[in-house]
Amino acid sequence: AVVSTQSTGGCCEIILKAILVVTNVIVMVAGILLLVLGGIFWTKQFDMFPDLEDYSTSITSVLVAMLVIGGLLFLIGIIGCIGACSGKSGLLNIYFVVVLIFVILEIVVIVLAVVKKNDFEDAFVETGTELFTEYKTEANDATPDLDEVKVVGVNVAQFTFECCGVDTGSSWWGNRNGAAVFAPGCCSNFDSQTFENSIQAGLTQEKMLITQCPDDGEVFQVGCQEQANALANAFSTVIIIVVAVLIAFEILCLVAACVSKKRDLVA
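For the structure given in this document, a descriptive report is provided here. (Residues numbered from 1 in each chain as written. Predicted model: local features only at pLDDT ≥ 70, side-chain atom pairs only at ≥ 80, totals over all residues. Heavy atoms only, no water.)

Take the overall build of the chain next. Each helix and strand counted, the chain has 8 helices and 2 strands in total. Ordered by position from the N terminus, the helices and strands of the chain form the series α-α-α-α-α-β-β-α-α-α. Looking at the chain as a whole, 30% of its 267 residues are labelled buried. Taking the contacts inside the chain whose residues are at least 6 apart along the sequence as the reference set, 77% of them involve residues at least 24 apart. Element-wise, carbon and sulfur atoms account for 67% of the exposed surface of the chain, whose accessible area totals about 15,600 Å². (Helix = DSSP H or I, 4+ residues; strand = E, 2+ residues; numbered from the N terminus. Buried < 20%, exposed > 50% of the residue type's maximum accessible area, 1.4 Å probe, protein only. Contact = heavy atoms within 4.5 Å. Areas by Shrake-Rupley, 256 points an atom, 1.4 Å probe, with all protein chains shown as cover.)

Its place among the elements puts Asn-24 in helix α1 (residues 2–48). Only 3.2 Å separates the side chain of Asn-24 from the side chain of Tyr-95, close enough to count as a polar contact. (Polar contact = N/O pair within 3.5 Å; in protein donor to acceptor, adjacent residues only side chain to side chain.)

Once that is clear, we can look at the packing of helix α4 (residues 117–139) against helix α5 (residues 148–160). Viewed as axis vectors pointing N to C, α4 and α5 meet at an angle of 115 degrees, and their least axial separation amounts to 10 Å. Crossing angle aside, the handedness with which α4 passes α5 is left-handed. Residue-level inspection shows Leu-131, Phe-132, Glu-134 and Tyr-135 of α4 in contact with α5, the latter providing Lys-150, Val-151, Val-154, Asn-155 and Gln-158. Of the residues that constitute the contact of α4 with α5, the class distribution is 5 nonpolar, 2 polar and 2 charged. (Axes fitted to C-alpha atoms, helices over the stretch in contact; angles between N-to-C directions. Left-handed = near helix turned anticlockwise from the far one by under 90°. Nonpolar A, V, L, I, M, F, W, Y, C, P; charged D, E, K, R; others polar.)

Here we take up the packing of α5 against helix α6 (residues 192–200). Their axes nearest at 11 Å, the elements α5 and α6 cross at an angle of 150 degrees. Considering their axes alone, α5 and α6 lie roughly antiparallel with respect to each other. Crossing geometry of α5 relative to α6 is assigned as right-handed. Residue-level contacts link Glu-148, Val-151, Val-152, Asn-155 and Val-156 of α5 to Ser-192, Phe-195, Glu-196, Ile-199 and Gln-200 of α6. For the contact of α5 with α6, a count of residues per class yields 5 nonpolar, 3 polar and 2 charged. (Parallel < 35°, antiparallel > 145°, perpendicular 65-115°, else oblique.)

Shown next as structure tokens:
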């Protein structure tokens, strides 16, 4: 019976160590991919995507974060792999502390996702309402003057999320000369490239607000505020589930690290 128990315990330790090694190999590979992709994009970003040069500051910030995260993942993966294979307490202690910090941060993310969900929804709706209202005001002006990025953004957002207006569907956009109007992005067959080409030739009321969709396209009737709330609910649920799964898996890695360290201490 003693031999059987020892054999079972040994098998469990081997399995945990294998999980720790495989997990950290994956983490290490993910880190390498982020570093390689981030490095390539850093040096070639405006050659591949010249239109992004206007947003160079934002793009640079994203790339820096990508490279930092890639470097951290690579470092953690190496420490975890070497620690698991060698059973060295020093490396496994470092790995344990780093993973524990990640677990704590992820728990904070879950708490914030629950507590701050309404704040996120309010901020999202407020920002969107301001932009949509600015668009609507300019569209009703005889000589509309609105940044092309905002004009395209409002329409692409509505087409992407299959919504129209802020909170009452297409009717939110109002009327012009007795006819109901709405933004082109409210149409199910909206073509962003065609729209961009048309407004580059000059911005007019008729281009910003139309009376019917081309080629028998349908008009989305759901307000974007309602869609934003539904998206926030779904997004927060997905975050909670994904992070909870990650936490459970990381706790398993913590146990595996402790078991590997214990074997080293015994040895």
